[in-house]
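Chains, contacts and geometry: an overview
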Amino acid sequence: ATQLEQRGQTSVPRASIMSSSMAKEPSGSKEDGDAFVLSSRRGSVLGLGTILKSDHFPGAQNKKLRPIVDGAPNFRQVDGLPVYGVAIPTIDGVLNVLKEVCDGDGERGGTRCCCCWHNMREEPVLYINGKPFVLREMEHPFANVEYTGITSSRVEDMEQRMKRDVLLEVGRFGGIMVCEETEEGDLVNSWEAVEPGDVQTPREVYEDFRALGYDVRYFRIPVTDERSPKEVDFDTLTRYVLEAPAHASLVFNCQMGRGRTTTAMIVATLLQVRRRARGAGDGQVPHWALETFAPDPSMASPFSS
């Protein structure tokens, strides 16, 4: 059975999910139209009893963090290291982050323009009209659907199938019904009018940036929210960090850019400092780590056999 975790918010009962503007709805009232769409869902992922909930939370921005990056809440950098964290961004937010982490104010081809982007989420996500939306159960719209132990290939396959489900619904109704969260914590149904190219999986978003000339490399490490990563997740994260080019910027995101993101940033920071202390990294050991990780020429490179 699917396990759920509450985010500390009161779930909105099914009857209180309200209706907003519609792109193209069945005849009758908006409420009847919304109910018809929800009851007719039979997709392999976006199926009966599921919704697509808005997944971008600019209100979650920690006001103390600088710089504030538009479309990318809670963006921050580890002092002295190319290690960054961020909440799930919009597509415009991805571009703004790439500009922040690249040398030359984002100029493609700069020395810091190799960006290894690590998505730490296990929840299936789609971008619709440039904004992220996450799969939720209708009866528990504020709780992540857990897939503890899911592999990256499986969650990305779910996203591809969910994309097909969305496009089928668009073909049937002329748009896709999504749920937006108000400042008061209520959910409002709204309709997104989309073309096929407006629906993308996260991987497709980053592949588009590669096609534009940005050296961004996308990795998925699915971890359950508010739980310790499994041993295999730590092994995968360690491998990705150690195999990254020495000059690469390492970016990590989850939903809010807090728990899973911070855990990954800590692991990457320890590995980066250790590499630099052994003379295998690009740059110096940060001042705050000198006492603990003083360079020792006698220590072997982490890549030596």
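Small disclaimer: the values here were computed from a predicted structure and weren't measured. (Residues numbered from 1 in each chain as written. Predicted model: local features only at pLDDT ≥ 70, side-chain atom pairs only at ≥ 80, totals over all residues. Heavy atoms only, no water.)

As a further point, take the overall build of the chain. Across its full length, the chain holds seven helices and 14 strands. Counting all 305 residues of the chain, 51% fall into the buried class. Taking the intrachain contacts of the chain between residues at least 6 apart in sequence as the baseline, contacts between residues at least 24 apart amount to 69%. (Helix = DSSP H or I, 4+ residues; strand = E, 2+ residues; numbered from the N terminus. Buried < 20%, exposed > 50% of the residue type's maximum accessible area, 1.4 Å probe, protein only. Contact = heavy atoms within 4.5 Å.)

Here the residue pair Arg 66 and Pro 67 is connected by a cis peptide bond, since its omega of 0° sits within 30 degrees of zero. As for its placement among the helices and strands, Pro 67 is situated in the loop between β3 (50–54) and β4 (76–77). The residue Asn 74 is not glycine, and still its phi comes out positive at about 60°. As for its position among the elements, Asn 74 is in the loop between β3 and β4. Phi at Glu 226 is positive, roughly 60°, even though this residue is not glycine. Mapped onto the elements of the fold, Glu 226 is located in the loop between β13 (215–223) and α6 (231–243).

By the definition in use, this model includes three cavities of 30 Å³ or more. Of the voids in this model, the largest cavity is the one considered here, and its volume is about 50 Å³. In terms of lining residues, the largest cavity is bounded by Met 120, Val 223, Pro 229, Asp 233, Phe 234, Leu 237, Arg 260, Thr 263 and Ala 264. The set of elements that each furnish at least two residues to the lining of the largest cavity consists of α6 and α7 (259–277). (1 Å grid on protein atoms, 1.4 Å probe; cavity = no way out; pocket = protein on both sides within 12 Å on 5 of 7 lines; lining within 4 Å. Points joined across faces, edges and corners; volume = space filled by probe spheres on them.)

Considering all chains together, one arrives at seven aromatic pairs under this definition. Residues Phe 36 and Phe 173 carry aromatic rings whose centres are separated by 6.1 Å and whose planes lie at 90° to one another, so their mutual orientation is edge-to-face. Within this pair, whereas Phe 36 is found in helix α1 (residues 30–39), its partner Phe 173 is found in helix α4 (residues 152–173), the two being separated by 137 residues in sequence. The exposure class assigned to Phe 173 is buried, which follows from its relative accessible area of 6%. Connected via pairs of aromatic rings, a cluster forms that spans Phe 36, Phe 173 and Trp 191. (Phe/Tyr/Trp six-rings, centres within 6.5 Å; stacked < 30°, edge-to-face > 60°.)

Moving on: α7. Between its first and last C-alpha, α7 extends 27 Å over 19 residues, near the 27 Å set by a 1.5 Å rise per residue. Just beyond α7, the residue with positive phi is Gly 279, at close to 80°. (Expected span 1.5 Å × (residues − 1).)

Before going further, it helps to spend a moment on the nonpolar core. Counting 24 residues, the largest nonpolar core has Val 83, Leu 237, Val 241, Leu 250 and Phe 252 as the members making the most contacts within it. Of all the secondary-structure elements, those providing two or more residues to this core are β6 (114–121), β13, α6, β14 (249–253) and α7. Per-element tally for this core: the top contributor is α7, with seven residues. Residues within four places of Leu 250 in sequence aside, it is in contact with Pro 82, Val 83, Tyr 84, Cys 116, His 118, Val 241, Ala 244, Ala 268 and Gln 272. (Core = buried A, V, L, I, M, F, W, Y, C linked by side-chain atoms within 4.5 Å.)

The share of residues in the chain with pLDDT of 70 or more is 81%, and the mean pLDDT across the chain is 83. Between residues 104–112, whose pLDDT stays under 50, and residues either more than four places distant or in other chains, the model counts 21 contacts. Taken as a whole, residues 301–305 scores under 50 in pLDDT and shows eight contacts with residues more than four places along the chain or in a different chain. (pLDDT = per-residue confidence, 0-100.)

Our next topic: the sheet that holds β13. Strands in a sheet are paired, the pairing made by backbone hydrogen bonds, and the direction either parallel or antiparallel. Spatial ordering of the open sheet is given by β4-β5-β14-β6-β13, a layout of five strands whose pairing is mixed. In this open sheet, the two strands that pair with only one neighbour each are β4 and β13. In this sheet, strand β5 (residues 83–86) lies alongside β4 in antiparallel orientation, the contact comprising two bridges. The residue bridging Arg 76 from the neighbouring strand is Gly 85, located in β5. Packed onto the sheet, helix α2 (residues 91–101) meets β5, β6, β13 and β14 and runs at close to 135° relative to β6. (Pairing = 2+ DSSP bridges. Axes fitted to C-alpha atoms, helices over the stretch in contact; angles between N-to-C directions.)

Next up on the list: the pairing of strand β7 (residues 125–128). The alternating pattern of β7 places Val 125 and Tyr 127 on one face and Leu 126 and Ile 128 on the opposite face, and all of these are buried. Of the strand pairs in this sheet, β7 and strand β8 (residues 131–137) are connected by four bridges, and their pairing is antiparallel. Along β8, the bridge assignment pairs Leu 126 with Phe 133. Hairpin connection between β7 and β8: a loop of two residues separates the two successive antiparallel strands, and Asn 129 in this loop has a positive phi of roughly 55°. Here β7 pairs with strand β12 (residues 199–200) via two bridges, running antiparallel. When the sheet's bridge partners are listed, Ile 128 is paired in β12 with Val 199.

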